[in-house]
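A look at the structure
Each chain is listed here by its residues.
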Protein chains: 2
Amino acid sequence: MKANTLDRSLRSATDRLPIDPTDGLELAAAEIAEQIDAEEAHPEPRPLMHLILGRPLETAAAPHQTIGKAIGLAVFASDALSSVAYATQEILLVLAVAGALYFSFALPIAGAIAVLLVVLTLSYRQTIFAYPGGGGAYIVARDNLGEGPAQTAGAALLTDYVLTVSVSIASGVEQIISAFPNLRMYQVEICVGMILVMMLVNLRGVKESGRAFAGPTYFFIGMMFLTLGVGFYRLFTGTLGQVEGVETIGATVGPLTLFLILRAFSSGCTAPTGVEAISNGITAFKEPKSRNAATTLAWMSGILMTMFLGITYLALQIHAIPSDQETVISQLGRTVFGRGTFYLLEIAATTAILIMAANTSFADFPRLCALHAGDGFLPRQLTYRGHRLVFSWGIVTLAGLAAVLIVVFNGSTSLLIPLYAIGVFLSFTMSQAGMVVRWRKISVLKPGEEVHTGGSTLRHDPRWRLKQALNAIGCALTGVVMIVFAVTKFSQGAWIVVILIPLLVLGFFRIHHHYQNVKRALSLQARPIDVRTHPVETIVLVNDIHQGTMQMISFAESLGKPWVAVHVAVRPEKTERVLAKWNKYLGDRGPLYVIPSPYRSLTGPIVRLVKEVKREHPDAFVNIIMAQLVTKSIWGQLLHRNSGPLFKFAFQQMQGVAVTDVHYRVGELEQPSQAPALE
Amino acid sequence: MKANTLDRSLRSATDRLPIDPTDGLELAAAEIAEQIDAEEAHPEPRPLMHLILGRPLETAAAPHQTIGKAIGLAVFASDALSSVAYATQEILLVLAVAGALYFSFALPIAGAIAVLLVVLTLSYRQTIFAYPGGGGAYIVARDNLGEGPAQTAGAALLTDYVLTVSVSIASGVEQIISAFPNLRMYQVEICVGMILVMMLVNLRGVKESGRAFAGPTYFFIGMMFLTLGVGFYRLFTGTLGQVEGVETIGATVGPLTLFLILRAFSSGCTAPTGVEAISNGITAFKEPKSRNAATTLAWMSGILMTMFLGITYLALQIHAIPSDQETVISQLGRTVFGRGTFYLLEIAATTAILIMAANTSFADFPRLCALHAGDGFLPRQLTYRGHRLVFSWGIVTLAGLAAVLIVVFNGSTSLLIPLYAIGVFLSFTMSQAGMVVRWRKISVLKPGEEVHTGGSTLRHDPRWRLKQALNAIGCALTGVVMIVFAVTKFSQGAWIVVILIPLLVLGFFRIHHHYQNVKRALSLQARPIDVRTHPVETIVLVNDIHQGTMQMISFAESLGKPWVAVHVAVRPEKTERVLAKWNKYLGDRGPLYVIPSPYRSLTGPIVRLVKEVKREHPDAFVNIIMAQLVTKSIWGQLLHRNSGPLFKFAFQQMQGVAVTDVHYRVGELEQPSQAPALE
C-alpha cells in the first residue's frame, strides 16, 4: 500500500491527539469517531422514521437494567394468564359436539390441566436454578442433547411464538367484537392493524414496551378476581342468573368419546405456554436471579390455576355457551356485572392482556431467532441489531407470519387453536429430557467437583435422583400431552404443524450447511493467498453521449489503464446518433465498438464479450465501467432506465470481474449552470 | 485510448472478414453479432419464461403485415360491438328509478344514440382520410391544437382504455354468471384471472393475439343476428313470451325527470368507443389504407346500430328487467331460444366478444403510452419493446390498473359504467376540434398547394366548408354528450374521472419538465467538456478477511493506484478479529483504518470520510472498492449481508464518486478445491 493524500489525511488526525503516535490507526479512527459524534452521525436525517421508531440508539446504550418480581410477573406472565380468555371456551366448544349435556366434563378437564401445570412448574423450577444465564428449551437441549434436538426445540418454539401472536390477537379482537358486534365485518382488518402497531412498538425497542406491561397485567388480574369474587358471591346468595341472548347449542353431532375428552383437554392446554417465557428471561431479573425467577414462576402458576378453575366453574354455573358471536368471558362478565361499566372494564382488561401476551412473542421470537442465527442455523441478518438496538428482522418476520395466519384463518381463534401449543409441548419435552441427561452427568460428580458446560455449571447434588425423577415425570407428561394434541387435533389443523416443524429443522440444517460451505470456500487455509497484481482489461460501456459520459471517460482516463469503449446497439436509430456524437467529441480517443443486440438485450452481448476476454486472458481482471445518472428524487430516478443492477446481476456469477459505477448526479429542477460539477 | 489486448482482440476479428478494414469497428461488431447469433444469444436460458411468453423475437422481426376489411372489422370492432352486451341493460337500470312503466323510453334513447353514432362515423371518416398514418385523438390534437389539448386527449383515452378492460371483463363474467349462478361467489377472482391471462397472451405478442380475433367477432355477430332473427320471427308469429324467473322491479324511487332521461342516455352511450380504435389503426389495413379503414368504420357502425336497436326493442317486448342476478342479454337469449344449446352459444359469444373488446385496449393502451413516452410525457420505459417486441411495460400497467378497478368496484358493471366513456367523448371532442382547425388551415390553400405538418398533408379542398361543418357538429355533439355524462353521473362515480384526467395531464407535464431538465443538464453545450485526468483516491472497504478480500486487494493492487483500507467497526468483537487477521496476512501492505460506528451504520462513517476527502480534494475522483460475495443460488445469496446496494445508494448523490464491486463467487456445495479460482 502506498502512502497518498488520503492516507496522510487519516494519519494527520493522529498528530493532534496527545496519545502515543505508534497507535496511529486506532487514533485516527478515534478522531473520526469524535467528529462523527459531534457533527453529523446521520448524514441523511429521516425525520418520519425517527418519529415512528424513535431516534437511533448507540450500541453502548444496550440495556442492562433488571426487574423485580412484581414487574417480572407482569412482563413474563401475560402469555400464560391471557390463555384463560379462551381456554374454557375452547374446551366447551369441543364438548359441544356431544351436546351441552356434557359441558360439566369441563371441570375435571380443567383440573387435569391444573395438575399438569403443577408438575411443569416444579420441573421448570429446577431448570431455572440449573441455567441462571437463561434456560430456554433451545439452550438446554443444545447443552445436553446436541444440535438435532436443539434445532427441533427451537423450530417448535418459533412456530408457537408466531401462533401466540395470532391466537392472542384473534381472541382479543373477538372480545372487542363481543362487546361491539358492529365491528365484526372488520375483524380481520382490526387484527392485522393491531399486529402492525405492535410491530412498530417493538421496533422502537424493548425498554419502552417492557415498562408498559405492568399496568395491563395487574389490571387484568384485578378484573378477573373481581369477576370471580362477585360471581361467587352472587352464586352463594342465589342472585347469579344464567346467560341470556346467546343461541343455544343445536343437535348433538356425535357421542361423547374418550377421543373427544382428550381433544377438549388439548384445547384447554394452551395455558402453560408462559412457563418457557420465565425460564428464558432469567437474566432480566434482579439478583438473586434464579430465586426471583422461580418465585415469580410459582406466583404465576398459582394465579393462573385459580383463575382458570374459577372461570370454568362459573361458566358452567351460568350455562355459558361457546359461540362465534360472543366469547365465554364476555358472557360471564355481563351475567355477573350486567351490561355496564364493569362489564366493559372486564372486556378491556381481557383484550389488553391478550395484546400483552402477543407482545411477549415479539420479545422472544427475535431473541430465539438471533440465537439460531448466531449458531448459523438461520440467516445471519437476524443477529443484526437495528436502529433501536432490537433485532429488527426478527420482529418484522414475526409480524408478517402472524398476519398471514390471521388472514388465512379469517381471524378465528377456534380455527387457530388446533395448531397452537403443540410446539410448546414439544419444546417442553426436549427441555426436560435435556435436564434428565444433565442430572445423569451430575450423578457421577463428587462433592465439591465442578464441571462447566457451554450453558451451565454442573455441581454435585445429593438429591439428584429425586430431581431427575421430577424432570423425567415432566418430560413424560408433556410428551404424552403433545402426542395427544397431535392425534386428536390432527385433522383440524395440527397436521400443518406436524409437517412444518420437521421442514423447519431441515431448513435450519440446510442453512447451516450453506454457511459451513461458504466458510470453507473463503478460508485462507483452503487455497494459496493471491494478492499479486494482474493485468486489468477495462471496458467502458457507452449508452449515450452526454455530460455523464464525459465524467465516466474522464474517470477511465484517470485510472491510467488502457480501455475500450463499447456500445450495445438496441435501437438502430439511437446507435447512429451515439456514433456520430462519439466521433465528434471523443473520436480522438479511439473507436467506439458497436455490438448489435438483435434481441434487444443490453447485457447479453457484453457478457459474451467478457467471457471471450476471460477465455483468452484467464489471468486478467475485467473492469467494466459504466455511468449511472442519479436524480435528486426517487420519482425522478424511476423515469430513467436504471440498467446498473441488470449489469451487476449479469456479471456477478463471473469470477475476476469488477463493475465500476460512476455516478453522475443530475440537478433536477436546477438551472444547468448551477448543476454540481466535478470541480 | 491506448491499444491493449482487448482492443486487439476486437480488431483481430476484423481481419478474418473480407471487407474493407478501414471500417474496422463495425466489422468487429458484425463478427461478434454473428457469433451471438450462432452460439448463444441468451447466456442464461429461462425455459419457464419462454414456455409462457414464447421465445424472444428479433428486432428485425417487427411485424409489417397488413389486414383486409373483414379481419379489420374483427380486430377493431369488438370494442364497439361488445357494448350492446350491456348498453340496453344500463339504460333500463337508470329508467327503473322511475319505475318499469317508463322502460319504453329506452327505444327513443337508443334512437338518439344511433343518430350520435351516425354523426360520429361521418366525422371520423374525414379524420381517417386526413391522417392515413393513424389518426388517433392524441395525434390529431397534437398536430392542430398543441401539447396541452393533446395531453388532455391522451389522458382521457388512457383512462378509458383501462375502463374498457374493466367494464368488458366485468360484463363478460356477469354473462357467465347469468348462465352459471354458482360461480357468483368467485366473480371478482374470475375477472382478475381473466385479466392476468389476457396480459400473458398480449405479452406473447400482437401477431398471435390479432389472428385470434376474427372467430369470436363473427361468431358474436352471427349469434346476435340469429337471436334477433328468431326473436322477431317469434314476435310476429306471436310465440315470443315474456321473460320469467327474474324479480320484478319494486317500488318507484323517484319521478321520471329530464335529468334521469339524460342519465339513461349517458349510460347507453358506451357504444361509440370503438370509433377511435379504427382511426388509430389505419396503418394496419391493406392499401388503400384510408378507404379500407373508412369502409370498415361504416360497416361497423351499421352493424352496431342494427344490433343495438334490435336488442333494445326485443328486450322491451319480452319485458326484460335489469337485475344484478341475470343480464338482459341472458334474459333475451333464454326467452327467444329457451334454456338450451342456442342460449349457451349466445352467452358464449357475448362473453367472447367482451373479452376481445378488453383485448383491444391491450393493443391500444401500450401503443398510446409509447406515443406519450416518445414525446417525453410518460416514463421512457414505456417505449421499450420487450422480449416479444411488444410494449411490455404498458401491457403490465394496463392489466394492473384494470385489476385494481375490478377489485375496488367488486366486479360490477353497473358500478363501473358511470366512470366509463367520459374519457372517450372528451377525446372525440378534442380530435374533432383539431379537425375543425385543420380545415381552417386548408381553407387558405390554393388548388395544387400542399403543406406538410407533423402528422398529415394539407391539400386544397373546395368542399372544406361542408367538411368543417360536419366535424364541428361532431365536436359540438360529443362535447355536449361529455358534459351531460359528467353532470348526470357525477355523484355516481364520474367525479373520479373528472378529477383524475386533469391530475394525469399535470403529471404528464411534470414528467416532461423532468426530462427537459435532465436533457439540459446533460447537454454537452451546457458546460465545458472535461475528459482530463484527475487524481484518484482509492478506498478499499474491508468487512472481513477471506479469499474474497484477497481478490479485492489483488484487484486494487492491479489498478496500480495508491489505496487505503478501511474497516467500519459495527461490532467490537468482530473488529478485533478482522484487525488481527489483517495484521497477520496483509499487515505488510499498510494499516487497516478502523472507523467506529456507534449507531451500527455501515455506510454513515464511510460517507463522512468520502465527504472529507472531497472537501480537501474537490478535483479528485474517489473510487470505493468493495468485495461482494456471490453464491450460486439466489436462496444462498439471501443468507448474506448484501450491503452492496446500501453503499451504492449512500454514495450515488455524491458527484465524482465511483463504486467498484469486485465479485467473488462462492462455489456453493462444492469442495473447496473445486471452487473456481481467478487463474
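Per chain, the residues get numbers from 1 upward, laid out in the order the sequence is written. Chains and ligands are labelled by the order in which they are written, letters from A for the one and numbers from 1 for the other. pLDDT decides what is reported in this predicted model: residues at 70 or higher carry local features, side-chain atom pairs at 80 or more are listed and counted, and totals for whole chains, interfaces and linings draw on all residues regardless. Hydrogens and waters are ignored; side-chain quantities use all the structure's heavy atoms.

Let's shift gears to the side chain of B:Ser323. Residue and element names in this part refer to chain B. Inspection of the secondary structure assignment puts Ser 323 in the loop between α14 (289-317) and α15 (328-337). Relative accessibility thresholds used throughout: buried, under 20% of the residue-type maximum; exposed, over 50%; partly exposed, between the two (1.4 Å probe, protein chains only). Judged by its relative accessible area of 17%, Ser 323 is buried. Distance and chemistry together define a polar contact, namely a pair of N or O atoms within 3.5 Å, with one atom able to donate a hydrogen and the other to accept it when in protein, and with adjacent residues in sequence counting only for side-chain atoms on both sides. At 2.8 Å, the side chain of Ser 323 and the backbone nitrogen of Gln 325 are in polar contact. A polar atom in the side chain of Ser 323 sits 3.4 Å from the backbone nitrogen of Glu 326. Note on contacts: a residue pair qualifies if any of its non-hydrogen atoms lie within 4.5 Å across the two residues. Not counting residues within four places of it along the chain, the set of residues in contact with Ser 323 comprises Gln 89, Val 246 and Gln 331. Counting from the N terminus, the helices are the DSSP runs of H or I reaching at least four residues and the strands are the DSSP runs of E reaching at least two.

Like charges within 9 Å and nonpolar side chains (Val, Leu, Ile, Met, Phe, Trp, Tyr) within 5 Å are joined into patches, using only residues over 30% in relative accessible area that form no salt bridge. A 1.4 Å probe and the Shrake-Rupley method give the accessible areas. Residues count as covered only by the protein chains that appear here. The rule for a salt bridge is simple: a side-chain nitrogen of Lys or Arg has to be within 4 Å of a carboxyl oxygen of Asp or Glu. On the surface, a cluster of nonpolar side chains totalling about 570 Å² of accessible area is made up of A:Phe490, A:Trp495, A:Val498, A:Ile499, A:Leu503 and A:Leu506. Mapping A:Leu503 onto the fold places it in helix α21 (residues 494-522).

The next thing to look at is the pairing of strand β6 (residues 621-631) of chain B. All names here are of chain B. Judged by how many residues are buried, β6 sits mostly within the fold: ten of eleven residues are covered. Pairing between two strands is assigned when DSSP locates at least 2 bridges connecting them. Pairing of strand β3 (residues 536-541) with β6 involves six bridges; the strand directions are parallel. In the strand pairing of β6, Leu 541 is matched with Met 626. Where β6 meets strand β7 (residues 657-666), ten bridges bridge the pair, whose relative direction is parallel. Paired with Val 622 across the two strands is Val 657, which belongs to β7.

What follows concerns the sheet that holds strand β6 (residues 621-631) of chain A. Strand order across the open sheet formed by ten strands is β5(A)-β4(A)-β3(A)-β6(A)-β7(A)-β7(B)-β6(B)-β3(B)-β4(B)-β5(B), with mixed pairing between neighbours. Each having just a single partner strand, β5 (592-596) of chain A together with β5 (592-596) of chain B make up the two edges of the open sheet. Taking the axes of each pair of neighbouring strands and ignoring which way they run, one obtains an average angle of 30° across the sheet. Helix axes are fitted to C-alpha atoms over the stretch in contact, other axes to C-alpha atoms as well, and angles between N-to-C directions run from 0 to 180 degrees. Where helix α26 (residues 644-651) of chain B meets the sheet, its contacts fall on β7 (657-666) of chain A together with β3, β6 and β7 of chain B, and the angle it forms with β6(B) comes to roughly 160°.

The span expected for a helix works out to 1.5 Å for each residue beyond the first. Its 13 residues give helix α24 (residues 604-616) of chain B an end-to-end C-alpha distance of 19 Å, which sits within 8% of 18 Å, the value for a rise of 1.5 Å per residue. For α24(B), every residue scored as buried is listed here: B:Gly604, B:Pro605, B:Ile606, B:Val607, B:Arg608, B:Leu609, B:Val610, B:Val613 and B:Lys614.

This part takes up the pattern of salt bridges. Evaluated as defined, the whole model comprises 16 salt bridges over all chains. Two residues, B:Arg142 and B:Asp375, come together in a salt bridge whose shortest N-O distance is 2.3 Å. Taken together, the residues span a long stretch of sequence, with B:Arg142 in helix α7 (residues 137-144) and B:Asp375 in the loop between α16 (341-374) and α17 (392-408) at a distance of 233 residues. Since its relative accessible area comes to 27%, B:Asp375 is described here as partly exposed. Salt bridges here are not isolated pairs; linked through shared partners, they connect A:Arg608, A:Glu612 and A:Arg615.

Turning our eyes to something else, we now look at the confidence of the model for chain A. All names here are of chain A. Values of pLDDT, ranging from 0 to 100, describe the predictor's confidence in every residue of the model. Taken over all residues, the pLDDT of chain A has a mean of 82, while the share at 70 or more is 86%. Residue range residues 12-30 is modelled with pLDDT below 50. Its contacts to residues more than four positions away, or to other chains, number 20 contacts. Predicted confidence is poor over residues 38-45, with pLDDT under 50, and the contacts of this stretch with residues over four places away or in other chains come to twelve contacts. Here the complex is predicted with pTM 0.75, and the ipTM for its interfaces comes to 0.76.

In this count, Lys and Arg are taken as positive residues and Asp and Glu as negative ones, while His and the chain termini are left out. The location of each charge is read from NZ of Lys, CZ of Arg, CG of Asp or CD of Glu. Residues A:Arg380, A:Lys519, B:Arg571, B:Arg577, B:Lys581, B:Lys584 and B:Arg641 make up a contiguous surface patch of positive charge. Per-element tally for the positive patch: the top contributor is helix α23 (residues 572-585) of chain B, with three residues.

A few words on α15(B). Helical geometry: 3.6 residues make up each α-helical turn, so side chains three or four residues apart lie on a common side. Residue and element names in this part refer to chain B. Within α15, nine of the ten residues are buried, leaving the element largely enclosed by the surrounding structure. Those residues of α15 not exposed but buried are Val 328, Ile 329, Ser 330, Gln 331, Leu 332, Gly 333, Arg 334, Thr 335 and Val 336. Where α15 is buried, its residues contact α5 (87-95), α8 (147-179), α11 (214-236), α14 and α16. Positioned one or two residues after α15, Gly 338 has a phi angle of 80°, which is positive.

On to unusual backbone geometry. All names here are of chain A. The residue after Glu 287, namely Pro 288, is reached through a cis peptide bond having omega -10°. With respect to the helices and strands, the residue Pro 288 is situated in the loop between α13 (274-280) and α14 (289-317). At Ala 421, a position not held by glycine, the phi torsion is positive, near 80°.

Moving on, we get to the packing of aromatic side chains. Each pair of aromatic rings taken from Phe, Tyr and Trp, with Trp reduced to its six-membered ring, is defined by centres within 6.5 Å and is described as stacked if the planes are under 30 degrees apart, edge-to-face if over 60, and tilted in the remaining cases. Evaluation of the coordinates by the stated rule reveals 20 aromatic pairs over all chains. For a Lys NZ or an Arg CZ to count as sitting over a ring, it must be within 6 Å of the ring centre and within 35 degrees of the ring normal. Taking the ring centre of A:Trp439 as reference, the NZ or CZ of A:Arg438 above it sits at 6.0 Å.

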